Structures are given as C-alpha cells and as structure tokens.
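# Summary of structural features
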Amino acid sequence: MRKQISKFMLMFLVVFSLLIISDCRNTLAQTSILSVNNLNGIVTDKNNKPLEFVSVFVNDLGLTSATDSKGRFSFNGISNGSHILTFKLSGYASRSLDVNLTGNDTLYSILLEESLIEIPVIDVTGSFNASEISESTFSITELTSRTITKSRSQNLAETIQNIPGISNVSTGTGIGKPVIRGLTSQSVLVIHDGVKQESQSWGDEHGPELSLFDLDRIEILRGPASLVYGADGIGGVINVISKPLEFSNIKRPVYYGGFTLGGFSVDKQYFTNGTLGFGTKNFGLKGHFGYRKSGNTITPDGTFTINTPEGKKEIQGGELFNSASKELEGGVNLGINGNFGMMNLGFELFDRELQIHEDPLEDSEATPNQKVQTKQFSLESNINLSAKLKLEPVLSYQLQTRKEFESIEDKSAVNEALHLDLKTFDGALKLHHEFSSKMSGTFGVSFNRQDNKTLVEEKLIPNYYANTTGVFLMEKLDLSKITFSAGARFDNKKLNIEETVFEMDSTGNPLRTLTPQSITFEAVSGSFGIVYTPSEYLNIFANIGRGWRPPSEFELFVDGVHEGTGRYERGIKTLNTLAEPKPEASINSDLGIRLNYKQLSIQISAYRNMVDNFIYPSITGDTIDGLPVFNIKQSMSTFYGYEYSVQYQPVKWIVLMAGGDYVNTLNNATGNPLPFTPPMKNIFELKVQRQNLGSLLNAYFKLSAKIVSAQDNVDILETRTAGYTLLNAGIGFDLCLAGSIASLDLSIDNLADTKYVDHLSRYKGYAMNPGRSFNLQLNLPFRF
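Residues numbered from 1 in each chain as written. Predicted model: local features only at pLDDT ≥ 70, side-chain atom pairs only at ≥ 80, totals over all residues. Heavy atoms only, no water.

Following the criterion strictly, the structure yields 19 aromatic pairs and no others. On the numbers, 5.6 Å between centres and 45 degrees between planes, the contact of phenylalanine 213 with phenylalanine 271 is tilted. Within this pair, whereas phenylalanine 213 is found in the loop between strand S14 (195–196) and strand S15 (215–222), its partner phenylalanine 271 is found in strand S18 (residues 269–279), the two being separated by 58 residues in sequence. When sorted by exposure, phenylalanine 213 lands in the same class as phenylalanine 271, which is buried. Ring plane angle 40 degrees and centroid distance 5.7 Å describe the contact between tyrosine 763 and tyrosine 766, whose orientation is recorded as tilted. The same class applies to tyrosine 763 and to tyrosine 766, which are both buried. Grouped by ring-pair contacts, the aromatic residues Tyr255, Phe259, Phe278, Phe283, Phe782 and Phe784 constitute a single cluster. Over the ring of tyrosine 700 we find lysine 150; its NZ or CZ atom is 4.5 Å from the centre of that ring. Seen from the ring of phenylalanine 676, lysine 764 lies directly overhead, with NZ or CZ sitting 4.9 Å from the centre. (Phe/Tyr/Trp six-rings, centres within 6.5 Å; stacked < 30°, edge-to-face > 60°. Helix = DSSP H or I, 4+ residues; strand = E, 2+ residues; numbered from the N terminus. Buried < 20%, exposed > 50% of the residue type's maximum accessible area, 1.4 Å probe, protein only. Lys NZ or Arg CZ within 6 Å of the ring centre and 35° of its normal.)

All right, on to unusual backbone geometry then. For arginine 181, which is not glycine, the phi torsion reads 55 degrees and is therefore positive. Counting through the fold element by element, arginine 181 comes out in the loop between strand S12 (175–180) and strand S13 (188–192). We classify arginine 181 as buried; its relative accessible area is 5%. Phi at lysine 598 is positive, roughly 50 degrees, even though this residue is not glycine. Within the secondary structure, lysine 598 sits in the loop between strand S36 (584–597) and strand S37 (600–624). Of the residues examined, lysine 598 reaches a relative accessible area of 61% and is grouped as exposed.

Our focus in this paragraph is the environment of serine 527. Mapped onto the fold, serine 527 is located in strand S32 (residues 517–535). Taking the C-alpha atoms as reference points, serine 527 and glycine 223, 304 residues apart in sequence, are found 11 Å from one another. The contacts of serine 527, once residues within four sequence positions are left out, are Phe138, Leu227, Ser485, Ala486, Gly487, Asn543, Ile544 and Gly545. In this structure the side chain of serine 527 is engaged in a polar contact, spanning 3.1 Å, whose partner is the side chain of asparagine 543. (Contact = heavy atoms within 4.5 Å. Polar contact = N/O pair within 3.5 Å; in protein donor to acceptor, adjacent residues only side chain to side chain.)

In this section: the sheet that holds strand S2 (residues 55–58). The strand order across the open sheet formed by 4 strands is S3-S2-S5-S6, and the pairing between neighbours is antiparallel. This sheet does not close on itself; its edge strands, each paired only once, are strand S3 (63–66) and strand S6 (95–101). Between one strand axis and the next, the sheet turns through 20 degrees on average, direction left out of account. Summarising the sheet, S2 and S3 pair through 4 bridges and their orientation is antiparallel. Looking across to S3, one finds that valine 56 is bridged to serine 65. (Pairing = 2+ DSSP bridges. Axes fitted to C-alpha atoms, helices over the stretch in contact; angles between N-to-C directions.)

In this structure the tally under the stated criterion is 14 cavities of 30 Å³ or more. Counted as a void, the largest cavity has a volume near 100 Å³. As for the largest cavity, its lining consists of His192, Gln197, Glu209, Leu210, Ser211, Glu329, Glu348, Leu349, Phe350, Thr374 and Gln376. For the lining of the largest cavity, the secondary-structure elements that each account for two or more residues are strand S23 (341–355) and strand S24 (369–386). (1 Å grid on protein atoms, 1.4 Å probe; cavity = no way out; pocket = protein on both sides within 12 Å on 5 of 7 lines; lining within 4 Å. Points joined across faces, edges and corners; volume = space filled by probe spheres on them.)

Strand pairing in a sheet takes place through backbone hydrogen bonds and is either antiparallel or parallel in direction. The sheet built from 5 strands is open, its strands ordered S10-S15-S16-S13-S14 with mixed pairing. The two strands at the open ends of the sheet, each matched to only one other strand, are strand S10 (139–144) and S14. As paired elements, S13 and strand S16 (residues 236–242) share 5 bridges and run parallel to each other. By the bridge assignment, valine 188 is partnered in S16 with glycine 236.

Attention shifts here to the confidence of the model for the protein. Per-residue confidence for the protein averages 89 on the pLDDT scale, and 95% of its residues sit at or above 70. Every residue in residues 12–33 scores below 50 in pLDDT, and together they form 21 contacts with partners more than four places removed in sequence or on other chains. (pLDDT = per-residue confidence, 0-100.)

In terms of strand pairing, strand S30 (residues 500–504) meets strand S31 (residues 510–514) through 4 bridges, oriented antiparallel. Its bridge partner being in S31, threonine 500 is matched across the sheet by leucine 514. Between the end of S30 and the start of S31, which pair antiparallel, lie 5 residues, with glycine 508 showing a positive phi angle near 90 degrees.

Turning to a nonpolar patch on the surface, a few remarks are in order. Together, Phe701, Leu703, Leu727, Ile731, Leu746, Leu751, Phe774 and Leu776 give the surface a local cluster of nonpolar side chains, amounting to about 660 Å² of exposed area. Of all the elements in the fold, those that place two or more residues in the nonpolar patch are strand S41 (696–708), strand S42 (724–737) and strand S44 (773–783). Mapping phenylalanine 774 onto the fold places it in strand S44. (Patch = residues over 30% accessible without salt bridge, like charges linked within 9 Å, V, L, I, M, F, W, Y side chains within 5 Å. Areas by Shrake-Rupley, 256 points an atom, 1.4 Å probe, with all protein chains shown as cover. Salt bridge = Lys/Arg side-chain N within 4 Å of Asp/Glu carboxyl O.)

Let's shift gears to the pattern of salt bridges. A pair can form between side chains of opposite charge whenever their charged atoms are brought close. In this structure the tally under the stated criterion is 33 salt bridges. Note that lysine 476 and glutamate 135 form a salt bridge whose closest N and O atoms lie 2.8 Å from each other. With lysine 476 in strand S28 (residues 464–478) and glutamate 135 in the loop between strand S9 (131–132) and S10, the pair connects residues that are 341 residues apart, well separated along the chain. Like lysine 476, the residue glutamate 135 is buried in the burial classification. Here glutamate 555 and arginine 549 are joined by a salt bridge, their closest N and O atoms 3.0 Å apart. Across the pair, exposure class does not vary: glutamate 555 and arginine 549 are buried alike.

Looking now at the environment of phenylalanine 340. Note on placement: phenylalanine 340 falls in the loop between strand S22 (325–338) and S23. With a relative accessible area of 36%, phenylalanine 340 lands in the partly exposed category. Setting aside chain neighbours within four positions, we find phenylalanine 340 in contact with Asn382, Ile383 and Asn384.

Here is the structure:
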C-alpha cells in the first residue's frame, strides 16, 4: 500500500509542478495577483434595521463569521477573484451574493427579508465549485443547521427520511441506510466534509458512521454523481458538512463552542455533545466530543396483523428485546488561513455498539450484536495560484473495524462471527479555473487504495486490495438566462484478491479456498445539464448523466452466513468462477422546475434512471442451516418517478408545507419490481412561528401528517405491506444567550401511537415500527 500511495503522491507533485510552471509567467507579470482584500458589510431588514447573529459564509474558502449588534460583518485577507457569500438567519429568507474582488476593500449592504420558507441558495454537491442554486442542473435539497437541531434523529437516514425522494432501510432505531430514488447501499454516497465515507455499505445493516452534531448543513443531491465523486453514487449523494472553523477579524482571539443535551423516550435514549474552539487571524482549532446511549425500543402495545410469505400473521407489540445501542464520537480540526489560501487538518472517531433484535418465534433469547469503529484522518486545502486559478488537494485515510457476534456471551469471550479490517486511502487534486466571468470549471485526478482483511476462520468476503484511479474535467458556461454544465470522467479499478481460506475442518485443513486473482473494471461517466431562467423567480433545469458502480468484493465473492442479515449469501463469482461480472452503468435523465415567487415556493422534478448490469440479491427459496439462501445476480433495471415540495406562507406567522415522492422499479429480466421499493409518501405540515414573543425568538408550533401508501407492487417472493398515517408535532424557540442563539425543541413522533410496519424495515416480518416518542433537544452555543 505504501508504494501505491507513494506513486499517487509523486503524480500529485508532478501535476502541481506543471501547474505552477504553466502559471508562473502570468504570476510574475502581475505581482499583485495574490493581493488580498478586506471584505466588509452590513446586513439589515427591509426597515433598515441592523440584524444581529446572521451567519455569513465564504463558501469556497470555508470561512464563517456572524454579524454584530450593528449588523456588521468582516473578513480579512480574502484573495482576489470570485467568491460566493451566503447569509442565513432563522425567520429570514437565506440569500447568496456573488462577489468579484479586485484588490480594493469593499463594503456590501445586504437586505434580508422575513420569511418562514426554507430553500437552499447554493449547491456545493453537484459540482466541484460552489454555485448559486439558480445555476444548478440537479435536484437539490438542504437541511440547515437550525433545521437539523429541530429534526435530528437517532441516525442519519432517519434524520433525512422525510425529504422528498429519500427513504430509510431501518434496523430498529439504531441502524438506518439512506435510500435515494429507490437505490441504496453503495448506490448512495455519503460525503462528510469532502471525504467519501467507507462503511462496508454492502451490508443491509451497515449504516453510515458519522456524527450528527456540530453540523452546518446537509445537502442531498438526487441523481448520479459519478462525475464528481467517481465510482458509486448512481442514486445520489448525501453531503454532510460540519460547521467551519472560525477565525478572528480583530486583534484578540475568538472563543466559541456549545453544548447539546437531549433524549428520545421511545428507547430511553439520552445524548450529549460538547464543542470548543478558538481562532486567531490565521489559526483555528476546534474539538468536539459526544456520547449517546439507548435502551430497547418500544413499539405500540397489542397485536398487529402483517403479511408473510406463508400468509397472515399476528405480531406482538411492546419492548423489542436486544435492540439497545451506544456510541462514542469525537474529533478535532486545525486550520491555517492566509494569503496563500487555507489548509484544514482533521481527525474523526466514531465508535458504536449495536444489538440486533431477532424474530422471537425463532429464538426469543437471541442476542446478536455488532461493534464498529471508524477513524478518519483528513487534509483539505485551497491554494490561491492566481485570481483565476486555485488548487484544491484533498487527502484522507480511514481505518474501519467491524465485528459481529452471535451472542452477548461471544462478545464477552471475543468470539467473533465476523471481523473485517478495512483501510482506505483516498486522494484527489483539483484545479479550479475561471477562463472568464461566464466560463469556469475544474480539472483533476484522483486515487483510491483499499486493503481489507477478514480476521476470522469462517470468512464472509476474501482478503483483497484494490487501486482505483480517475481523471476528470467539468466546465460551466453562464449566459444571461441560460447556464450549461458538462463534464466527463474516466476511472479504472484493479481488484486484487488474495488467497483466502473460507472454511476449515476440525483439524485445521482447508475445505474452501479462494485462489489469488485480479479483476479490472473501467468506466466513462459524465453529465450534461442546462438551466433556463426566464425570470428571477423561475428556473427550469434538465440533466442527463451517466454513473457507474463496480461490483463490491462482497457481491463478487460472498459465500456464507451473514449474521447481520440472517441470510446465507452467495456471490457472482462464487456461483460461477468463470463469470465475467460487469460494473453497473446508469443513464439518468432529470427534468424539474424551481419557482420562488413572494410567499410561494415550488420544486418539482421527474426522472428516469436505467441501470445496466444492476446488482441485487435474489432469494432462491432454498435454505442452508435453516437460513434463506440469496444469490447475487445482475440484470437491467429501470427506476422512474417524481418528487415535489411546496411551501406557502399566507400570512407573516404561518407556513403551509407539502412534499412527497413516488418511485417505480422494474427488474427487466424478470418483469417484477425490485425488492425494497419504497412506497409512495406524502407529508403535509402546518407551522406557526412568531419572530418575537417576549424575550423568545422564532417561537414555533408545528403539526404534520405523513401518509405512506400501501406497497403492493412487490417482488414475487416479497411480502406486501399496508399503508399508514403518522402524526407528528413539535414546539420550540430560540433565545439570545452568551453572544449566540440558544434553542430548545420538544417534538412528538407518532403522536397517536399508531401500529404499523414500514416496507423498508428489516424487522417487518416479526416486529412493528417504534411507537410514540417524546424527544427533547437543548442547544447552548456560546461565542465571545
């Protein structure tokens, strides 16, 4: 692995040197090209009243500040060139501002209008550069920091599952796998602060492993994103963005941080998180630490009738035995900011222990469990080569250990049923260029190296190492009313399987051995999009993109019992050693509109995604050791559907919201739908919010209804599920405290304690979904 990383670093240095040489003539001729500016401004409302606590971001540089009591903000040492600023304050419509700095200090006046409608103003996920949402050719949704604190749930997928186009494959309350437009696992990328998360996502019960605290926002991009992020992500991307480091604009340092406390009654969970940071003019440091622990999940009392392959069945509500969890998380970030640009070093730790509830009719005392740990080291930088040329290197190294145990006793005795040790090095070098005020883009190279070891006698996947390289180019042309974006990418993955003994007899002699072999996958991906803006209120966008995903090592070579899923699984090469598996290749087309007119906001998008060589587990009807046998297969599959979101503010203190989605899937080989196709959902919400209520800010009350249709369009061996309606409520407020805005939020999920089984629940054959839950979250930030 060291040799491969050394090769990438050499390529990194060569490209960097060529870029410097190519730009040196221009740099020497213009000695002031890297001059810096002081960027200052005042934010007011329509009555010219200064607004305090407005969050101001310079998105391409990762810088943040907040307005003072006079509405003023300031950034020092901002390089020449184009930058996008965003302004956010709860109770006001967010706004973006595109500025072009030329060496002179500039004072900007920003007007924010009162509004309860929440819409994204920039897109940092759909391209290599941040762009205004009106220029994005993708269907994008954003959760702001304040929205996250209101709706933060027990895992990432559960937090975002009510967004149109998003669903959640749940394993109780502890594990959630995001679904975008009917695709999940490795077809959905999770990015955390620019780094692709490697979480062995091929497993149904392997969820993203990252903290939900200290977040600035979550962006969701629906549709293939292979152009920007390489392999995988043919369904979409979830981009989790932490709050940036803060730097001081005055002579003394700035100190900031916060504490979060809360809990969920449905599983007696409590959690806490603390953040502490400080910044000088050129140096920033921030650390965070969190802990959460839950007991067993509670479902509604009584019985509930469900469908099973054998017919109708009654399941019992109450406490789900062996469904508790706990997690420890933390991290530290160090940043340097100067005339050269910025550099950020980061470390993240995520340690989780989970219990998996089993069917009580099969074994009422079963205690399978997991222990997962992820460590991540990262380096991200933005280097100003000139006013129109910036270099962005991103490096990361992840170490992940996954252990699964058949029982609590096995865990105590360290008798592992599954033990995977995965190391991932990921690097990319991006050159952002701006040919003119109308045309800009990015050229770059990437490299990924993975090493996996399976450290138990009976193995689920082989030992392997894989190298993936890529080269990409993306350009954007911005005309007066039309924006074009286009790009292409080439990736090559070489998978090297090491000799692996899958099973031994009682005397230690190999019974099943996989011999060394190599497999190469190559793919060209790309995207072409257009946005037409006939007026300042309306965008019409269209995009056609090609994504790709190579078969995972699990999908190729799995051969055995997977304790986490309770299945016996066999991979493509396990079934036929002479098989020549091909990567998934998708062609996705999107068409949508964004209308934002006064007190009305509408976003509608329709799509069709055709995936050749789609990989899926197919139940055979056979059993081995009492477990159902699933074979991994490939065929053409088609996904099509729509999403919509409507927000209407009839009066100053009321907003009405509606959103929903529909997806249809088809396995072209069998003519049947694909398993775990999300049912149609519609969500309606009423929110009442007053900007000032005594000393309270943005006090609100909301009531929503989530209506999920029955799923009768199922695979021949899959069970149908009934529709259901969930009522949810929430109340909360903000409060000025310690130079920041504190918040308190109380919400009630499943207000009526409705009995139901969600189609994407992995417990749906023997347990109901969670019952009523009272949730409390207190957020106490400070800044001085």
